[in-house]
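# Structural characterization, general
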Amino acid sequence: MRFRHPDGSTVHLAYCTNVHPAETLDGVLAQLRDHCEPVRRRLGRDRLGIGLWLARDAAHALVTDPSALRGLRTELEHRGLEVVTLNGFPYEGFGAEEVKYRVYQPDWAHPERLAHTTDLARVLAQLLPDDVTEGSISTLPLAWRTAYDQERSTAAHTALTTLAERLDALHELTGRSLRVGLEPEPGCTVETTRDALAPLTAIGHDRIGICVDTCHLATSFEDPHTALDALAQARVPIVKSQLSAALHAEHPHLPEVRAALAAFDEPRFLHQTRTLTAAGLRGTDDLGEALAGDALPDASPWRAHFHVPLHAAPAAPLTSTLPVLRAALTRLVGGPHPLTHHLEVETYTWQALPPELRPRARAQLADGIAAELTLARDLLTDLGLKELP
């Protein structure tokens, strides 16, 4: 979906396909047929943007087989889909029964991460629509925080600098300008936007910036305006923003609140949980840890890294951080000029919701994703952007 900003530029809205995990190119093609095109039809649009997730094997198949890449582009066009952004965070296995800490491997200290992200950039340069010259890729925020020493930090810095050079060369070769954004996430080396300032200013290249995920922003209790102002002051480019909402519990000391939270404690994904105390931010690596005894202070609200559907907040006594998303979006695209032109709805946890909230069929999932995109569309038009055909 495309929108015209009052300044005349185009803002792209997509939804991320990591909600339909696939490890192979055949799986990606099935996603387009079984999920993405039906969402587009529900929205009544001739064209729908998707934030494509390509696992290692799928990306490698595309970058080593020009005919396969041409075939994917043809399939996208045939189904009324377009790609201007990729999700390069998960490397493989995102559809596994247990993902948890595995999603952070390989990190930016490993050569495999640079190789994979380079492959993604080469693929994206060929998938961009003919009338689009700028693409974006979100990626791991360096590494999970443990075992990240100076040696690994130096290796990650070197890899990202090499990536920037490769993106420069790709621009010269194809005319397509691609940027990669580190995506701050609780528990990682770069947990907050503030944590991103030092490494990104050290790299000092405008092709390497930040991806602002509004669920992660909220989970870390960051104020959107303060965070985005700091990025602007440091001249850190906002490559893209993922529109997502976290799980919020206002009164976590109450037994009924803890019981409601326990329904979201599931074995597949990591749900980092945070609370803001007078002494600062406190947290656990997973929701189950927070609910076990006194691992996390409960005198103030808790937020958990669980991407809940944008249009459907959990039932009381829980809610979502949709207000944080609204505030961030106002700052991102509501001013005289957009701070980013790439927006991506990223609710990948539909099948991790409590059983009674999960979609039971493809049609129900498509309905839900379409409802999320409709909400995002309405937020954008309320800010003065005009939806384009």
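Above this text is the structure in question.
Structural notes, computed from the coordinates. The structure displayed is predicted, hence computed values, not measured ones.

### A closer look at the overall build of the protein chain
If you tally the helices and strands in the protein chain, you get 12 helices and 15 strands. Referenced to the eigenvectors of the C-alpha coordinate spread, the extents of the protein chain come out at roughly 55 × 50 × 45 Å. With 389 residues in all, the protein chain has 59% of them scored as buried. Here the contacts in the protein chain between residues at least 6 apart in sequence split such that 79% fall between residues at least 24 apart. Carbon together with sulfur atoms contributes 51% to the accessible area of the protein chain, which is approximately 15100 Å² in total. Looking at charge distribution, the protein chain has the averaged site of its 37 positive side-chain charges lying 5 Å from that of its 51 negative ones.

### A word on the nonpolar core
Leu13, Tyr15 and Leu373 are the most contacted members of the largest nonpolar core, which totals 115 residues. Ranked by residue count, the leading element in this core is helix 12 (residues 362-382), at 9 residues. Residues in contact with Leu373, not counting those within four places in the same chain, are Met1, Leu13, Ala14, Tyr15, Val39, Leu43, Leu48 and Val345. Leu217, Ala227, Val324 and Ala328 belong to the second-largest nonpolar core, a separate cluster that totals 5 residues.

### Points about unusual backbone geometry
For the peptide bond that leads from Gln105 to Pro106, omega is -10°, which places it in the cis range. Relative to the helices and strands, Pro106 resides in the loop between strand 4 (81-87) and helix 4 (111-127). The amide bond that connects Ala316 to the next residue, Pro317, takes the cis arrangement and shows omega of 15°. Summarising the element assignment, Pro317 is placed in the loop between strand 12 (302-308) and strand 13 (318-320).

### Notes on helix 3 (residues 66-78)
Between its first and last C-alpha, helix 3 extends 18 Å over 13 residues, near the 18 Å set by a 1.5 Å rise per residue. Every buried residue of helix 3 is accounted for by Ala68, Leu69, Leu72, Arg73 and Leu76. When helix 3 is viewed along its axis, its buried side chains cluster within an angular range of 140° and face the same direction. Exposed residues pointing more than 90 degrees away from the buried face of helix 3 are listed as Pro66, Arg70 and His78. Contacts from the buried residues of helix 3 go to helix 1 (25-43), strand 3 (48-53), helix 2 (56-64), strand 4 and helix 4. Directly beyond the C-terminal end of helix 3, a positive phi value near 70° is found at Gly80.

### Digging into the pairing of strand 11 (residues 280-284)
As paired strands, strand 10 (residues 273-277) and strand 11 are joined by 5 bridges and run antiparallel to one another. Note on strand 11: the bridge partner recorded for Thr275 is Arg282. Taking the residues between adjacent antiparallel strands as the criterion, strand 10 and strand 11 are bridged by 2 residues.

### Observations regarding the side chain of Thr193
Within the secondary structure, Thr193 sits in helix 6 (residues 193-203). Here Glu222 takes part through its side chain, which lies 2.5 Å from a polar atom of the side chain of Thr193. When residues no more than four places from it in sequence are discounted, the contact partners of Thr193 are Pro184, Ile210, Leu217, Glu222, Ala227 and Leu231.

### Quick notes on the sheet that holds strand 10
Pairing is antiparallel in the open sheet, where 5 strands are placed in the order 11-10-12-9-13. With one partner strand each, in any of the chains shown, strand 11 and strand 13 form the two edges of the open sheet. Pairs of neighbouring strands in the sheet enclose a mean axial angle of 30°, with direction left out of account. Relative to strand 12, strand 10 runs antiparallel, the two sharing 3 bridges. Note on strand 12: the bridge partner recorded for Arg274 is Arg303.

### Things to note about helix 1
Each full turn of the α-helix corresponds to 3.6 residues, which orients residues three or four apart in the same direction. If you check helix 1, its first and last C-alpha atoms are 26 Å apart, about what 19 residues at 1.5 Å a residue would give, namely 27 Å. If you look at helix 1, its biggest bend is around 40°, right at Leu32. The first or second residue beyond helix 1 is Gly44, which carries a positive phi of 65°.

### Concerning the pattern of salt bridges
All chains considered together, the criterion is met by 24 salt bridges. Between Asp57 and Arg56 there is a salt bridge whose closest N-O contact spans 3.1 Å. Its relative accessible area of 41% is what places Asp57 among the partly exposed residues. Arg56 sits in the partly exposed class, given a relative accessible area of 33%.

### Topic: the packing of aromatic side chains
A complete count under the given rule lists 8 aromatic pairs for this structure. Taking 5.2 Å as the distance between ring centres and 45° as the angle between the ring planes, the aromatic pair formed by Phe94 and Phe269 counts as tilted. Placement of Phe94 in the loop between strand 4 and helix 4 and of Phe269 in the loop between helix 9 (255-262) and strand 10 is noted, with a sequence separation of 175 residues between them. Like Phe94, the residue Phe269 is buried in the burial classification. A centroid spacing of 5.3 Å and a plane angle of 85° characterise the contact between Tyr101 and Trp144, whose relative ring orientation is edge-to-face. Taken together, the residues Tyr101 in the loop between strand 4 and helix 4 and Trp144 in the loop between strand 5 (134-139) and helix 5 (150-174) connect sequence positions 43 residues apart. These aromatic residues form a ring-pair network of at least three members: Trp53, Phe94, Phe269 and Tyr348. One residue, Arg303, lies across the ring of Phe221, its end atom 4.4 Å from the ring centre.

About the cut-offs
- Residues numbered from 1 in each chain as written.
- Predicted model: local features only at pLDDT ≥ 70, side-chain atom pairs only at ≥ 80, totals over all residues.
- Heavy atoms only, no water.
- Helix = DSSP H or I, 4+ residues; strand = E, 2+ residues; numbered from the N terminus.
- Buried < 20%, exposed > 50% of the residue type's maximum accessible area, 1.4 Å probe, protein only.
- Contact = heavy atoms within 4.5 Å.
- Areas by Shrake-Rupley, 256 points an atom, 1.4 Å probe, with all protein chains shown as cover.
- Lys, Arg positive; Asp, Glu negative; His and termini not counted.
- Charge placed at Lys NZ, Arg CZ, Asp CG, Glu CD.
- Core = buried A, V, L, I, M, F, W, Y, C linked by side-chain atoms within 4.5 Å.
- Expected span 1.5 Å × (residues − 1).
- Arc of directions from axis to C-beta.
- Pairing = 2+ DSSP bridges.
- Polar contact = N/O pair within 3.5 Å; in protein donor to acceptor, adjacent residues only side chain to side chain.
- Axes fitted to C-alpha atoms, helices over the stretch in contact; angles between N-to-C directions.
- Bend = angle between axes of the 7 residues up to and from the residue.
- Salt bridge = Lys/Arg side-chain N within 4 Å of Asp/Glu carboxyl O.
- Phe/Tyr/Trp six-rings, centres within 6.5 Å; stacked < 30°, edge-to-face > 60°.
- Lys NZ or Arg CZ within 6 Å of the ring centre and 35° of its normal.

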